[in-house]
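# Breakdown of the fold
Chain by chain, the residues run as shown.
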Amino acid sequence: MFKDRGKYFLVEEFEKYGIIAIFTKKICGNMADYIGEYGNQNRHKLLESLGLGNKKIVHALQKHTNRVECIENLNNLDNLENIDGFITKSKDFVIFTYYADCLPIFILDKKQKAFGVAHSGWVGTYNQMIISLIDKMLDTFDSNLEDLIIALGIGISQEDYEVGEEFYKNFLNKFGECVNSSFKFEKGKIYFDNTKLNAEFAKKRGIKHIIIDNIGVKKADTFSHRLDKKNVGRSAAIITVGD
């Protein structure tokens, strides 16, 4: 489960395997350089408070792709663009991805201690980012499906995610009636559960251990593009090996 630690939420199951996976609240400040001020300062301040100040930060300018990269296979870790997920086995790196409603997808191979995180808004979900993340672990580290743990959250809750009929039909036409359980139809309006659909994709791919947090960004007090009226920063999903 996701445990509230005051300034962030911690994935407890990952901690059992020596992996720190957290999602930051607004109190930690904006974490991304591309959206506002103090991103770099806030990242380093948080890492120092966690005793992780010696880690090399890896992040990218996210563009709602389904592209996942293994850090060890990248020649240059500066000025990365069009990547929305990373995986690694190295204890030297800490991965940051950024959110204001979209869904963080944490992944861990509990046997090999490979890990990663990916960003999936509705575009990423439509392009099955979660499948890209799983397959990247399988291809890169020869992971077994039964050894993989996925943690989904924290993203916008269904009650706050109203969409249009065309949005629903696009998902229905691509994936069939299996998407219907991820949409709610109420008083002429349609609401989308991004977390639930990603869980369905993971189950169909063969993942047995899936951790879901449905608290939603409003109750979690994390940044929200839809709900915040001003000063919309970015929360961060962070994953690394604990020291």
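Up top is the structure.
Residues numbered from 1 in each chain as written. Predicted model: local features only at pLDDT ≥ 70, side-chain atom pairs only at ≥ 80, totals over all residues. Heavy atoms only, no water.

With that settled, consider the overall build of the protein chain. Broken down by element type, the protein chain carries 7 helices and 15 strands. Taking 2.2 N^0.38 as the reference for a compact globule, 243 residues should give roughly 18 Å; the C-alpha atoms of the protein chain span a radius of gyration of 17 Å, in line with that estimate. Over its C-alpha atoms, taken along the principal directions, the protein chain stretches across nearly 50 × 45 × 30 Å. Relative to its full complement of 243 residues, the protein chain shows a buried share of 55%. The long-range share in the protein chain, meaning contacts at least 24 apart out of those at least 6 apart in sequence, stands at 65%. Accessible area for the protein chain stands at about 11300 Å²; split by element, carbon and sulfur atoms hold 44% of it. (Helix = DSSP H or I, 4+ residues; strand = E, 2+ residues; numbered from the N terminus. Rg over C-alpha atoms; globule rule 2.2 N^0.38 Å. Buried < 20%, exposed > 50% of the residue type's maximum accessible area, 1.4 Å probe, protein only. Contact = heavy atoms within 4.5 Å. Areas by Shrake-Rupley, 256 points an atom, 1.4 Å probe, with all protein chains shown as cover.)

Another aspect to go through is the pattern of salt bridges. What the rule picks out here adds up to 12 salt bridges. Linking Asp78 and Lys56 is a salt bridge whose minimum nitrogen-to-oxygen distance equals 4.0 Å. Pair noted here: Asp78 is in the loop between strand 5 (68-70) and strand 6 (85-88) and Lys56 is in strand 4 (residues 56-58), with a separation of 22 residues, a long-range link. We classify Lys56 as partly exposed; its relative accessible area is 37%. A salt bridge links Asp160 to Lys218; its shortest N-O distance comes to 3.3 Å. Separated by 58 residues along the polypeptide, Asp160 in the loop between strand 10 (148-152) and strand 11 (162-163) and Lys218 in helix 7 (residues 216-220) bring together distant segments of the chain. Among the charged side chains, a network of salt bridges with common partners joins Lys26, Asp221 and Asp228. (Salt bridge = Lys/Arg side-chain N within 4 Å of Asp/Glu carboxyl O.)

On to the environment of Ile83, then. Residue position: Ile83 is located in the loop between strand 5 and strand 6. The sequence separation of Ile83 and Lys55 amounts to 28 residues, and the corresponding C-alpha distance is 20 Å. The contacts of Ile83, once residues within four sequence positions are left out, are Ala60, Leu61, Gln62, Thr65, Arg67 and Glu69.

What follows is about the sheet that holds strand 8 (residues 103-109). With mixed pairing, the 6 strands of this open sheet are ordered in space as 5-6-9-8-10-14. Both edges of this open sheet fall to strand 5 and strand 14 (209-212), since each of them pairs with a single strand only. Between one strand and the next, the sheet's axes are offset by a mean angle of 15°, whatever the strand orientation. Each of strand 8, strand 9 (114-120), strand 10 and strand 14 touches helix 6 (residues 194-205); the most contacted strand, strand 14, lies at about 175° to it. (Pairing = 2+ DSSP bridges. Axes fitted to C-alpha atoms, helices over the stretch in contact; angles between N-to-C directions.)

For the structure shown, the criterion picks out 20 aromatic pairs. Judged by centre distance (6.3 Å) and plane angle (35°), the rings of Phe96 and Tyr98 are tilted. Looking at Phe96, the relative accessible area reads 0%, which means it is buried. The exposure class of Tyr98 is buried, given its relative accessible area of 2%. Judged by centre distance (6.1 Å) and plane angle (65°), the ring pair of Phe167 and Phe183 falls under edge-to-face. Here Phe167, found in helix 5 (residues 165-175), pairs with Phe183, found in strand 12 (residues 183-186); they are 16 residues apart in sequence, far enough to count as distant. Residue Phe167 is classed as buried on the basis of its relative accessible area of 15%. (Phe/Tyr/Trp six-rings, centres within 6.5 Å; stacked < 30°, edge-to-face > 60°.)

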